[in-house]
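Read off the chains here:
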Amino acid sequence: MNNVGFDMKCHELAEKVSQLRPELSPTDVARLCLMILNQEENPSRLDDPAALQSIWQNVSFRFEAATDQHAAVSRELDTLLNDGPIEFSPDQLWTLLRAVKVQGQMLDLYTKDVSFA
């Protein structure tokens, strides 16, 4: 199997993302490229600037939403851990379940199986 075309596509996409968001670090560009490629079934659509912009906005929105949820749940977990011995009240169980769900959402961003339920 020849991966040269795919490697070039990733490189081209990274250049396009860098042009859209020049302030991003190389790590952030790579992360966005992975999420964009996982979201788009037809990578050749990414040659269309309007399609790339639309896909990028969708991915960015999902990433920011998941990041915000992750930060909020992390604060809840820190509070839960600082409350002393955990007796697993219903509120504590819901906090733990939300934490698991948010972790799943973060992982979904980096895989093709998107399941934001």
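Residues numbered from 1 in each chain as written. Predicted model: local features only at pLDDT ≥ 70, side-chain atom pairs only at ≥ 80, totals over all residues. Heavy atoms only, no water.

A few words on the overall build of the chain. When its secondary structure is counted, the chain shows 4 helices and 0 strands. Evaluated residue by residue, the chain yields a buried proportion of 26% over its 117 residues. Across the chain, every contact between residues at least 6 apart in sequence was considered, and the portion connecting residues at least 24 apart equals 52%. (Helix = DSSP H or I, 4+ residues; strand = E, 2+ residues; numbered from the N terminus. Buried < 20%, exposed > 50% of the residue type's maximum accessible area, 1.4 Å probe, protein only. Contact = heavy atoms within 4.5 Å.)

As a further point, take helix α2 (residues 26-39). Between its terminal C-alpha atoms α2 stretches 20 Å, which fits the 20 Å expected from 14 residues at 1.5 Å a residue. Among the residues of α2, those classed as buried are V29, L32, C33, M35, I36, L37 and N38. (Expected span 1.5 Å × (residues − 1).)

Moving on to the pattern of salt bridges. Once their charged atoms are close, side chains differing in charge can pair, the charge on each being opposite to the other. All told, the structure shown has 5 salt bridges when counted by the stated rule. Its salt-bridge partner being R21, residue E23 comes within 2.4 Å of it at the nearest N-O pair. With relative accessibility at 54%, the residue E23 sits in the exposed group. Linking E76 and R98 is a salt bridge whose minimum nitrogen-to-oxygen distance equals 2.4 Å. Taken as a pair, E76 in helix α3 (residues 49-82) and R98 in helix α4 (residues 90-108) lie far apart in primary sequence, 22 residues in all. For E76, a relative accessible area of 29% gives the class partly exposed. Residue classification places R98 among the partly exposed residues on the basis of a relative accessible area of 36%. (Salt bridge = Lys/Arg side-chain N within 4 Å of Asp/Glu carboxyl O.)

Two numbers describe a pair of packed helices, the interaxial angle and the distance between the axes. At a minimum axis separation of 10 Å, α2 and α3 run at an interaxial angle of 110°. The orientation of α2 relative to α3 falls into the category roughly perpendicular. With respect to the hand of their crossing, α2 and α3 are arranged in right-handed fashion. Contacts between α2 and α3 involve R31, L32, M35, I36 and Q39 on the former and, on the latter, L52, I55, W56, N58, V59, S60, R62 and F63. (Axes fitted to C-alpha atoms, helices over the stretch in contact; angles between N-to-C directions. Parallel < 35°, antiparallel > 145°, perpendicular 65-115°, else oblique. Left-handed = near helix turned anticlockwise from the far one by under 90°.)

With that settled, the discussion passes to the nonpolar core. In this structure, L13, V17, L32, I36, L46 and V59 are the most contacted members of the largest nonpolar core, which totals 17 residues. A total of 6 residues in this core trace back to one element, the largest contributor, which is α2. (Core = buried A, V, L, I, M, F, W, Y, C linked by side-chain atoms within 4.5 Å.)

Moving on to the environment of A14. Within the element layout of this structure, A14 appears in helix α1 (residues 4-20). In this structure the C-alpha to C-alpha distance between A14 and R31, which are 17 residues apart in sequence, comes to 9.7 Å.

Overall, the predicted model of the chain reaches an average pLDDT of 78, with 82% of residues at or above 70. At the level of individual helices and strands, the chain shows its lowest average pLDDT in α1, which scores 74, and its highest in α2, which scores 87. pLDDT under 50 marks residues 1-8. Its contacts with residues more than four places away, or in other chains, come to 0 contacts. (pLDDT = per-residue confidence, 0-100.)

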